[in-house]
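Examination of the molecular architecture
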Amino acid sequence: MATSTSSTTVVVPGTHVMTALVGPRDQNLRQIEQRFPTARISVRGNEVRISADEPADVIVVSNLFEELSMLLQAGQPLDDVTLDRVMTMVGASERPSEILGHQVLRGSKGRQVKPKTVGQKR
């Protein structure tokens, strides 16, 4: 019995966003590949091609790249902690770009305090 493979391509605007998205020495890309081992991810230029045997895996990983791209365009830095948080949120069908982009209040030294979960946004 032949298996069908689902695939999609996510276009990332701008090379500066793609550079931050994959991380230094493709560190972020490797973390994503480890978190979603059934998905096959290839990056060429400003395109991320995702394929997997299960369509649900393709949808989750493509949503992850779209959310990360939106966060980077909004000026959100992408470090290991943020990447892990975003992967967890996307896996739970949440929209990190809506949550992490909101400023809740400013601390005493003028730094923004942002929500980290949907419950903190409300």
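Now for a description of the structure that goes with this document.

Definitions and cut-offs
Throughout, residues of each chain are indexed from 1 in the direction in which the sequence is written. For this predicted model, a pLDDT threshold of at least 70 governs which residues receive local features, and a threshold of 80 or more governs which side-chain atom pairs are given and counted, while totals over whole chains, interfaces and linings are taken from all residues. Computation of side-chain values: all heavy atoms of the structure, hydrogens and water removed. Inter-axis angles, ranging from 0 to 180 degrees, are taken between N-to-C directions of lines fitted to C-alpha atoms, where helices are fitted over the stretch in contact. Only DSSP runs of H or I with at least four residues qualify as helices, and only runs of E with at least two residues qualify as strands; both kinds are numbered from the N terminus onward. By the definition used in this description, the sense in which the near helix is turned from the far one sets the handedness, with an anticlockwise turn below a right angle giving left-handed and a clockwise turn giving right-handed. Between two residues, a contact is recorded if the distance between any of their heavy atoms is within 4.5 Å. Residue polarity follows a fixed list, in which Ala, Val, Leu, Ile, Met, Phe, Trp, Tyr, Cys and Pro are nonpolar, Asp, Glu, Lys and Arg are charged, and the others, Gly among them, are polar. The span one expects for a helix is its residue count, reduced by one, times 1.5 Å. Think of it in three bands: with a 1.4 Å probe and only protein chains considered, a residue is buried below 20% of the maximum accessible area for its type, exposed above 50%, and partly exposed in between. As used here, the arc is the angular range of directions from the helix axis to the C-beta atoms.

**Considering the packing of helix α2 (residues 27–35) against helix α4 (residues 80–91)**
- Packing of α2 against α4 brings their axes to within 11 Å, and their N-to-C directions diverge by 35°. Crossing hand, α2 versus α4: right-handed. For the pair formed by α2 and α4, the contact residues are Gln 27, Asn 28, Gln 31, Ile 32 and Arg 35 on the first element and Asp 80, Leu 83, Asp 84, Met 87 and Thr 88 on the second.
- Among the residues making up the contact of α2 with α4, the classes are represented as three nonpolar, four polar and three charged.

**Things to note about α4**
- Between its terminal C-alpha atoms α4 stretches 16 Å, which fits the 16 Å expected from 12 residues at 1.5 Å a residue.
- For α4, every residue scored as buried is listed here: Thr 82, Leu 83, Val 86, Met 87, Met 89 and Val 90. Looking down the long axis of α4, one finds its buried residues gathered within 165° of arc, a one-sided arrangement. In α4, the exposed positions angled more than 90 degrees off the buried face are occupied by Val 81 and Gly 91.
- Where α4 is buried, its residues touch α2, α3 (55–73) and α5 (96–99).
- Positioned one or two residues after α4, Ser 93 has a phi angle of 60°, which is positive.

None of the figures reported here should be taken as evidence of function without further support.
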